[in-house]
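# Breakdown of the fold
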2 protein chains.
Amino acid sequence: MSNVELLPVLDSSVVVPCCPPLTERPLDAEEAERAAKMFKALGDPVRLRLFSAVASHEGGEACVCDISDVGVSQPTVSHHLKKLKEAGLLSSERRGTWVYYRVEPSVVAAMGKLLAGAATV
Amino acid sequence: MSNVELLPVLDSSVVVPCCPPLTERPLDAEEAERAAKMFKALGDPVRLRLFSAVASHEGGEACVCDISDVGVSQPTVSHHLKKLKEAGLLSSERRGTWVYYRVEPSVVAAMGKLLAGAATV
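Residues numbered from 1 in each chain as written. Chains lettered and ligands numbered in written order. Predicted model: local features only at pLDDT ≥ 70, side-chain atom pairs only at ≥ 80, totals over all residues. Heavy atoms only, no water.

Attention now goes to the overall build of chain A. Of the regular secondary structure elements, chain A holds 4 helices and 3 strands. Secondary structure of chain A in N-to-C order comes out as α-α-β-α-β-β-α. Within the structure as shown, chain A displays about 6700 Å² of accessible surface, and the carbon and sulfur contribution to it stands at 54%. (Helix = DSSP H or I, 4+ residues; strand = E, 2+ residues; numbered from the N terminus. Areas by Shrake-Rupley, 256 points an atom, 1.4 Å probe, with all protein chains shown as cover.)

Turning our eyes to something else, we now look at the sheet that holds strand β2 (residues 90-95) of chain A. Residue and element names in this part refer to chain A. Across the sheet, 3 strands lie side by side as β1-β3-β2; this open sheet has antiparallel pairing. Every other strand in the sheet has two partners, leaving β1 (61-63) and β2 as the edge strands with one partner each. With direction set aside, neighbouring strand axes in the sheet form an average angle of 30°. The pairing of β1 with strand β3 (residues 98-103) spans 3 bridges and is classified as antiparallel. Across the sheet, residue A62 finds its bridge partner in β3, namely Y101. Sitting on the sheet, helix α2 (residues 45-55) touches β1, β2 and β3, and the angle it makes with β3 is about 90°. The sheet contacts of helix α3 (residues 74-86) involve β2 and β3, and relative to β2 the element is tilted by about 125°. (Pairing = 2+ DSSP bridges. Axes fitted to C-alpha atoms, helices over the stretch in contact; angles between N-to-C directions. Contact = heavy atoms within 4.5 Å.)

The next point concerns the confidence of the model for chain A. Low-pLDDT portions of the prediction should not be read for the details of their coordinates. Residues and elements named next belong to chain A. Confidence in the prediction for chain A averages 83 pLDDT; 83% of positions are at 70 or higher. Counting interchain partners and residues more than four positions distant, the pLDDT-below-50 stretch residues 1-14 has 3 contacts. As scored by the predictor, the complex reaches a pTM of 0.80 and an ipTM of 0.80. (pLDDT = per-residue confidence, 0-100.)

Attention now moves to the side chain of R47 of chain B. All names here are of chain B. Its place among the elements puts R47 in helix α2 (residues 45-55). There is no salt bridge for the buried R47, and the closest opposite charge comes from D44, which lies 4.7 Å off by N-O distance. From its side chain, R47 meets the backbone oxygen of K40 in a polar contact 3.5 Å long. Each residue touching R47, except ones within four places of it in the same chain, is listed here: K40, A41, H80, K83 and L84. (Buried < 20%, exposed > 50% of the residue type's maximum accessible area, 1.4 Å probe, protein only. Lys, Arg positive; Asp, Glu negative; His and termini not counted. Salt bridge = Lys/Arg side-chain N within 4 Å of Asp/Glu carboxyl O. Polar contact = N/O pair within 3.5 Å; in protein donor to acceptor, adjacent residues only side chain to side chain.)

This next bit is on the relation of the copies chain B and chain A. Least-squares fitting of chain B to chain A yields an RMSD of 0.0 Å, with the transformation described by 0.0 Å of translation along the axis and a rotation of 180°. In the structure described here, the two chain copies are related by an operation that fits a two-fold rotation axis. Residue by residue, 100% of the interface of chain B is reproduced at the interface of chain A, so both copies engage with the same surface. (Least-squares fit on C-alpha atoms with pLDDT ≥ 70 in both.)

With that settled, consider the interface of chain B and chain A. If you look at the interface, chain B gives 36 residues, while chain A gives 36 residues. In total, chain B and chain A occlude about 3000 Å² of area from one another, counting both sides; carbon and sulfur atoms represent 75% of this. Where chain B meets chain A, there are 0 salt bridges. If you look at where chain B meets chain A, you find 4 residue pairs in polar contact (both at pLDDT 80 or more). Of all the secondary structure elements, the ones that give two or more residues to the side of chain B that touches chain A are α1 (29-41), α2 and α4 (105-119) of chain B. Counted by class, the side of chain B that touches chain A contains 23 nonpolar, 6 polar and 7 charged residues. (Buried area = accessible area lost by both parts, 1.4 Å probe. Nonpolar A, V, L, I, M, F, W, Y, C, P; charged D, E, K, R; others polar.)

As a further point, take the state of the cysteines. Residues and elements named next belong to chain A. Applying the stated criterion across every chain, the model contains 2 disulfides over all chains. Shown here is the disulfide that connects C63 with C65, its sulfur atoms set 1.8 Å apart. Because the torsion about its S-S bond is -45°, the bridge between C63 and C65 counts as left-handed. (Disulfide = S-S within 2.5 Å.)

Residue and element names in this part refer to chain A. As judged from the 6 bridges shared by β2 and β3, these two strands associate in the antiparallel manner. Bridge pairing links L90 to V103 in β3. In this structure, the hairpin formed by β2 and β3 is closed by a connection of 2 residues, where G96 is found at a positive phi of approximately 65°.

Here we take up the sheet that holds strand β2 (residues 90-95) of chain B. Residue and element names in this part refer to chain B. Taken in spatial order, the 3 strands line up as β1-β3-β2 in an open sheet, and their pairing is antiparallel. What marks the edges here is a single partner per strand, and that holds for β1 (61-63) and β2. Strand-to-strand twist in this sheet, taken as the mean axis angle between neighbours without regard to direction, amounts to 30°. Relative to the sheet, α2 contacts β1, β2 and β3 (98-103), its axis offset from that of β3 by approximately 90°. The strands touched by helix α3 (residues 74-86) within the sheet are β2 and β3, with β2 carrying the most contacts at an inclination of about 125°.

Following this line, the structure appears as structure tokens:
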């Protein structure tokens, strides 16, 4: 047995995992502030459609150029994608002309975990 | 073997299950409208604290009288609990003087399911 692998490998995401399952104990003010920000980002129908468009796109990523059927202009799409990124739900990478967005699995998993507990009450 | 148990027992919730996992395909406008309403209800820090206070309360239910430590007045607590109920996340029952709230597991499970898919992209 070697000690080499004892330290956990942290991913490079800047978004810190947030909050215990909602059934465990009442969230404190700071936790609620952080988690509410993520839920709020998905609390808009257009943003939610865009998020699902990215999440379900081939290869798990999409650029504005791939998303055109939600009935809003391209600048509006860009604006909403930026909001989702600020909430930590999407990450982005510029490649040539376009910025490509992908779902940030650790953050979305944390949201799912928050709810998973509450669903079994 | 008897046939008596073959039919699933449906719970009496009026809230219909919503939407495929976000990775499956882009949500359509109507699905996004419904799901965004649920996320929006949790997109406020005070409401999220109240929701976790109910979800983590003994017996899985709580009345306004049980929740007093989120730093807002009792009428404000009542207002937010009503909003959570309107979004389908809580159900309520009046018993004597107080209205008791509990988490609506099917709706919260549906929200978790929406995200669960997206977290594995």
